[in-house]
Every structure is written in structure tokens, then in C-alpha cells.
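Observations on the three-dimensional arrangement
Each chain, written out:
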Amino acid sequence: MNGFQAAFNYSKYTSSLKKVTLTLPKTGNQNHKNTVFGGSMALAATTCGWALVHLNLSEVNGNIVIQQGQTRYLCPALSDLILWTESPSANEWEIARENWQQTGKGKITLQTEIYSQGELVAVFSGRYVGLSDN
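Residues numbered from 1 in each chain as written. Predicted model: local features only at pLDDT ≥ 70, side-chain atom pairs only at ≥ 80, totals over all residues. Heavy atoms only, no water.

All right, on to the pattern of salt bridges then. In total, this model carries two salt bridges according to the counting rule given. Residues Glu59 and Arg97 are paired through a salt bridge, measuring 2.5 Å at the closest nitrogen-oxygen approach. With a gap of 38 residues between them, Glu59 in the loop between helix H2 (38–56) and strand S3 (64–73) and Arg97 in helix H3 (residues 90–103) connect regions that are remote in the sequence. The class of Glu59 is partly exposed, set by a relative accessible area of 26%. In this structure, the salt-bridge partner of Glu94 is Arg97, at a minimum N-O distance of 3.6 Å. In this pair, Glu94 and Arg97 are both assigned in helix H3, three residues apart and thus about one turn of the helix distant. The partly exposed category is assigned to Glu94, whose relative accessible area is 34%. (Salt bridge = Lys/Arg side-chain N within 4 Å of Asp/Glu carboxyl O. Helix = DSSP H or I, 4+ residues; strand = E, 2+ residues; numbered from the N terminus. Buried < 20%, exposed > 50% of the residue type's maximum accessible area, 1.4 Å probe, protein only.)

This is how it looks when you write it as C-alpha cells:
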């Protein structure tokens, strides 16, 4: 079990260049209202997006930060979560890659959808930056 898995009790994930999916159980991530804690949702969504950047901008060697993130909570999450981040167009990745090569910073904005019991409960939008080692 890795540190993230131990700290936030996620149960599984799948990944490809086109999509990263993460499952987060309610158990261990619930608040005093017995719904999923918003902070756990935001962290899992941030991680989902980070993983997609890591896969698609491998040349930054994991040197990725989140510059900005915003979560819209649509309704309470009453059970386990399924989160996914889908890849934007190949052109958007190419722009980020070119900017990274020219300036040492490649930025891309990704959206992560968060579902509970098949219902969309939150949407996270994050701007990630791949940085050069210089």
C-alpha cells in the first residue's frame, strides 16, 4: 500500500493516455454528516488529473504542480466515489509540451468528474503545470 492509498483509503485506479479513473470508498473519507468529505473529493480529483498529466507529459519526469483548482459540489456524496479525468485533445497536449520546451512551463487545464451512486456529485477543474528541472 502506498502513502496516498494509506492516507486516503482509495481502493483502485485504472489509467491510460486517454483517461484516469480512481475509486474512493466512503469509509474512511466521511464527514460528520455521513457523506464523503469535500477535502477527500478535491484531493482525489487533483490526484486523478495529476496522473493524467504524468502519463501524457512524461518528459517532465513527474515535476508537476497544480496551479489552480476549483471544485463545484452539486449534491452530497452518499456512497463510494468513482472519479475520472479524460484527456483533452492531442493539440492541447502539444501546446503544453511546446510551451514546456520553450519556457520550462507547460500548462494544461483538466476536468475531473466525481460520481456517487451513478450521480454526478462534483466537478473539479484544475490547471496543472509541468516544470523543467532548471
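There's more to say after this.
Here the focus is the UniProt feature "domain: Thioesterase putative" (unreviewed entry) in the chain. Those places that UniProt annotates as "domain: Thioesterase putative" (unreviewed entry) correspond, in this numbering, to residues 18–130. Overall, residues 18–130 shows 29% helix and 41% strand. The separation of its end C-alpha atoms is 18 Å. (UniProt positions renumbered as here; feature names shortened; annotations may be inferred.)

Under the defined criterion, the tally for this structure stands at one aromatic pair. Ring geometry for Trp84 versus Tyr115: centroids 4.7 Å apart, planes at 25°, classification stacked. With Trp84 in strand S4 (residues 81–86) and Tyr115 in strand S5 (residues 105–116), this residue pair connects regions lying 31 residues apart in the sequence. A cation over an aromatic ring shows up here: Lys19 above the ring of Trp84, its NZ or CZ 4.4 Å from the ring centre. (Phe/Tyr/Trp six-rings, centres within 6.5 Å; stacked < 30°, edge-to-face > 60°. Lys NZ or Arg CZ within 6 Å of the ring centre and 35° of its normal.)

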